[in-house]
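So you can see what is in the structure, the chains are spelled out below.
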Amino acid sequence: MFSVANTGSADYCSTWKSSLEAKNVSASCQTKPIETKEAKIQVVKRASVEVQTLTDKDRTTEEPRQYDKPSLYAFLNRVTPLMIRELERNAKSTAFAHLQHESKKLSIVQLGQFRQNEASAKFAALCIATDGNELAVGFGALQHDDWCDHQAKLAMFQRKDSSSRAQVFDMDSCVSCVSYNDRKPIVTCGMYTGEVLCWESEEQIQVASRHSGRVTSLQWRPIYEGKRLLSAGIDGALKLWKIRDKSLNVSEEFVVTTWDADAKLTSRVEAAVGVTCTSFSCFDDTQFSIGTEGGYVMVGSLTAPRAAFGAGKKCVTMSYKRHQGHVTSTYFAPHSRNVFLTSSVDMEARIYSQLQQAPVISIVHSEQLVKAVWSPMEQLHIVTATCAGLVNIYDIRKPYVPLTLINLESRLTDMAFVSHEQIAVATEKGLVHLLQLPESTMRTVGTVADLDELVRTLQNTVVDFV
Ligand SMILES: [Zn+2]
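Small disclaimer: the values here were computed from a predicted structure and weren't measured.

Cut-offs applied
- Per chain, residues are indexed from 1 in the order of the written sequence.
- This being a predicted model, a pLDDT of at least 70 is required before a residue's local features are given, and a value of 80 or more before pairs of side-chain atoms are given or counted; all residues contribute to the totals for chains, interfaces and linings.
- Helix and strand assignments follow DSSP, with helices taken as H or I runs no shorter than four residues and strands as E runs no shorter than two, numbered in order from the N terminus.
- Residues with at least 20 other C-beta atoms within 10 Å of their own are called buried, those with 12 or fewer are called exposed, and the rest are partly exposed. The C-beta atoms themselves are positioned from the backbone.
- Think of it this way: build a C-beta for each residue from its backbone, and any pair within 7 Å is a contact.
- Criterion used throughout: strands pair if DSSP finds at least two bridges between them.
- In this description, a line fitted to the C-alpha atoms serves as the axis of each element, helices being fitted only across the stretch in contact, and the angle between N-to-C directions of two axes falls anywhere from 0 to 180 degrees.
- Any nonpolar core is a set of buried residues, restricted to Ala, Val, Leu, Ile, Met, Phe, Trp, Tyr and Cys, that join up through C-beta atoms within 7 Å.
- Taken from the helix axis, the directions to the C-beta atoms give the arc we talk about.
- Each residue after the first adds 1.5 Å to the expected span of a helix.
- Bending is quantified residue by residue as the angle between axes fitted to the seven-residue window ending at that residue and the seven-residue window starting at it.

Peer 1: Now, about the overall build of the protein chain: what can you tell me, with residues and values included?
Peer 2: Per the secondary structure count, the protein chain includes seven helices and 29 strands. Residues counted as buried form 35% of the 466 residues belonging to the protein chain. Counted over contacts in the protein chain with a minimum sequence separation of 6, partners at least 24 positions apart contribute 50%.

Peer 1: Please set out the sheet that holds strand β5 (residues 167-170) residue by residue, giving values where relevant.
Peer 2: Sheet architecture is open: four strands sit in the order β2-β3-β4-β5, paired in antiparallel fashion. Taken across any chain shown, the strands that pair with only one partner, and hence form the sheet edges, are β2 (124-130) and β5. The mean angle between the axes of side-by-side strands here comes to 20°, regardless of whether they run parallel or antiparallel. Note: strand β4 (residues 153-158) against β5, four bridges, orientation antiparallel. Paired with Leu 154 across the bridge in β5 is Phe 169.

Peer 1: Before we move on, could you go through the sheet that holds strand β14 (residues 275-280) and cite the residues and values that matter?
Peer 2: Where strands meet in a sheet, backbone hydrogen bonds hold them as pairs that are either parallel or antiparallel. Strand order across the open sheet formed by four strands is β14-β15-β16-β17, with antiparallel pairing between neighbours. Two strands close off the open sheet at either side, each with one partner strand: β14 and β17 (316-320). Sheet twist, expressed as the average angle between the axes of neighbouring strands with direction ignored, equals 25°.

Peer 1: Which residues make up the nonpolar core, and what values do they have?
Peer 2: Soluble, globular proteins show a tendency: their nonpolar side chains are buried together. Of all hydrophobic cores here, the largest spans 100 residues; its most connected members are Ile 128, Val 137, Val 175 and Val 425. It is β2 that provides the largest number of residues to this core, a total of six residues. In this structure Ile 128 touches Leu 135, Ala 136, Val 137, Val 178, Asp 414, Ala 416, Ala 424, Ala 426 and Val 432, once residues within four positions along its chain are discounted.

Peer 1: A description of the environment of Ala 372 should follow, citing residues and the corresponding values.
Peer 2: Along the polypeptide, Ala 372 turns up in strand β22 (residues 369-374). Residues Ala 372 and Ser 329, spaced 43 residues apart in sequence, show a C-alpha to C-alpha distance of 6.5 Å. Apart from residues no more than four positions distant in its own chain, Ala 372 is found in contact with Ser 329, Tyr 331, Leu 341, Ser 343, Ala 349, Ile 382 and Thr 384.

Peer 1: Got a sec to walk through unusual backbone geometry? Specific residues and values, please.
Peer 2: Trans is the prevailing form of peptide bonds, just as negative phi is the prevailing case for residues other than glycine. Phi is positive for Glu 202, close to 65°, though the residue is something other than glycine. Along the polypeptide, Glu 202 turns up in the loop between β8 (196-200) and β9 (203-207). According to the C-beta neighbour criterion, Glu 202 is exposed, with 8 such atoms within 10 Å. Despite not being glycine, Met 347 has its phi angle at roughly 75°, a positive value.

Peer 1: A description of the pairing of strand β28 (residues 431-436) should follow, citing residues and the corresponding values.
Peer 2: Each regular strand carries side chains that alternate between the two faces of the sheet. Bridge count between strand β27 (residues 422-427) and β28: five bridges; the pairing is antiparallel. The residue of β28 that forms the bridge with Val 425 is His 433. Hairpin remark: β27 followed by β28, antiparallel, with three residues in the connecting loop; positive phi at Gly 430, about 80°.

Peer 1: Quick rundown of the environment of Val 297? Include the residues and the values.
Peer 2: One can find Val 297 in strand β16 (residues 297-301). For the pair formed by Val 297 and Ala 261, sequence separation is 36 residues and the distance between their alpha carbons is 7.3 Å. Val 297 has contacts with Gly 291, Tyr 320, Arg 322, His 323, Val 327, Thr 342 and Tyr 352, leaving out every residue within four places of it along the chain.

Peer 1: Can you tell me about helix α7 (residues 451-458), naming the residues and giving the values?
Peer 2: Regarding α7, the residues found buried are Leu 451, Leu 454 and Val 455. All buried residues of α7 project into a common sector of 95° when viewed along the axis, lining one side. Turned more than 90 degrees away from the buried face of α7, the exposed residues are Glu 453 and Thr 457. In this structure, the buried residues of α7 make contact with β19 (339-344) and β20 (348-353).

Peer 1: Please set out the pairing of β20 residue by residue, giving values where relevant.
Peer 2: Across the six residues that make up β20, a large majority, six, are buried. With burial as the criterion, each face of β20 is covered, one bearing Glu 348, Arg 350 and Tyr 352 and the other bearing Ala 349, Ile 351 and Ser 353. Note that β19 and β20 share five bridges and pair antiparallel. Bridge pairing in β20 links Phe 340 to Tyr 352. With antiparallel pairing between neighbouring strands as the criterion, β19 and β20 make up a hairpin whose turn holds three residues, including Met 347 at a positive phi of roughly 75°.

Peer 1: Explain helix α2 (residues 70-91) residue by residue, including any values.
Peer 2: When the terminal C-alpha atoms of α2 are compared, their 32 Å separation across 22 residues agrees well with the 32 Å that a helix rising 1.5 Å per residue should span. The sharpest bend along α2 measures roughly 30° and falls at Val 79, with the proline Pro 81 sitting one to four residues further on. Counted residue by residue, α2 has zero buried out of 22 residues, so it is predominantly exposed.

In short, the description is geometric, and any link to function would need to be established separately.
Printed below as a string of structure tokens:
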């Protein structure tokens with residue numbers, strides 16, 4: 001019933017491919033396709049340039065030519081002795097001697113030094129004044145942290161003989177200012193303690209009043225027979241003194257206040273402002289310029305109080321553009337009615353016209369200014385002294401750079417003309433230097449040197465010279 005039989009192999013066809021094709025699926029692997037993208041390369045561009053060395057081809061082996069022509073030899077033979085002779089003549093020439101002489105005249109020459117041995121060792125020379133023959137120098141301490149009780153000195157030197165022995169007077173406190181009367185032998189001293197001392201022909205005159213702070217300025221009224229003295233103090237008071245019967249009495253007194261100084265009335269409280277300097281006009285003896293602490297610049301009048309303010313203590317008639325620091329000196333022009341000069345610790349020397357508030361010319365220095373004065377001879381020249389020890393002469397028509405200067409290498413404390421061409425400068429080391437100004441700066445140049453004309457052309461245009 002059962003038998004062996006070979007039936008052959010049985011085949012079954014695969015159906016997975018045909019089934020994928022039926023579903024339109026073309027994947028042949030199970031990973032996601034790899035995305036590729038082409039981008040530009042970031043390699044630095046390169047370019048070849050020519051080399052700067054000679055190539056072998058360019059090199060030559062020739063030696064430089066020797067110029068030994070007979071004609072050149074003959075030329076040198078002929079010219080060399082002539083050249084040597086002319087060079088020797090030039091070296092000995094005096095053709096430009098007059099120019100060298102001129103340049104010597106342009107410098108300030110130091111004539112001599114005044115020294116009061118005892119006081120110089122201890123004190124600074126604080127102030128100087130002269131009557132032409134005599135030089136009064138007040139010695140004292142430069143800094144005061146407290147009430148002044150220094151045993152200071154007042155020395156009188158003979159101007160024309162710096163080696164002669166000075167007359168020395170002991171003072172109870174430091175002398176802050178000295179003034180000579182130009183008509184009578186009267187000397188006045190303003191003290192740090194507020195006192196005013198006065199001598200007439202070596203006889204001390206009784207003084208009836210005093211300031212309540214340092215006396216900063218003493219000015220004899222120039223036209224009024226030399227008998228009226230205007231004193232100013234750090235207490236803000238201006239006192240007009242009168243000598244009568246060997247006694248100095250206050251005839252009028254004014255006070256400078258913040259309301260006088262500040263024309264725009266920005267300060268609500270009326271307080272006294274310390275006056276640091278005054279200067280009488282040479283044309284109107286009732287008018288004077290005022291400089292104060294805080295940099296206020298004003299012009300006052302002795303007649304204005306009665307006319308404009310009744311019997312009050314006001315005297316200020318005009319105020320001008322303020323300095324950025326204390327005013328150290330003011331000086332009415334000796335040649336012009338309306339022009340005055342100021343200097344300040346804000347490093348500026350300014351020339352004001354009474355007719356406008358802003359300064360007409362402003363000369364900026366690199367150091368604080370101690371004083372600025374007009375030249376008594378040349379109306380367009382001013383002399384300035386700085387804290388660093390420089391004495392400069394400026395021509396105000398071109399004040400970009402000083403005409404000439406001298407460096408005394410010591411802090412200066414005061415400066416005054418002792419004659420038309422000589423100036424005395426006091427230092428903190430107790431010395432007084434006598435300087436000779438160059439002749440060329442003391443000579444009127446041309447006919448256009450008219451201060452009023454210059455100021456008129458510059459008015460309403462403030463010029464800053466740095
Ligand atoms: Zn003192």
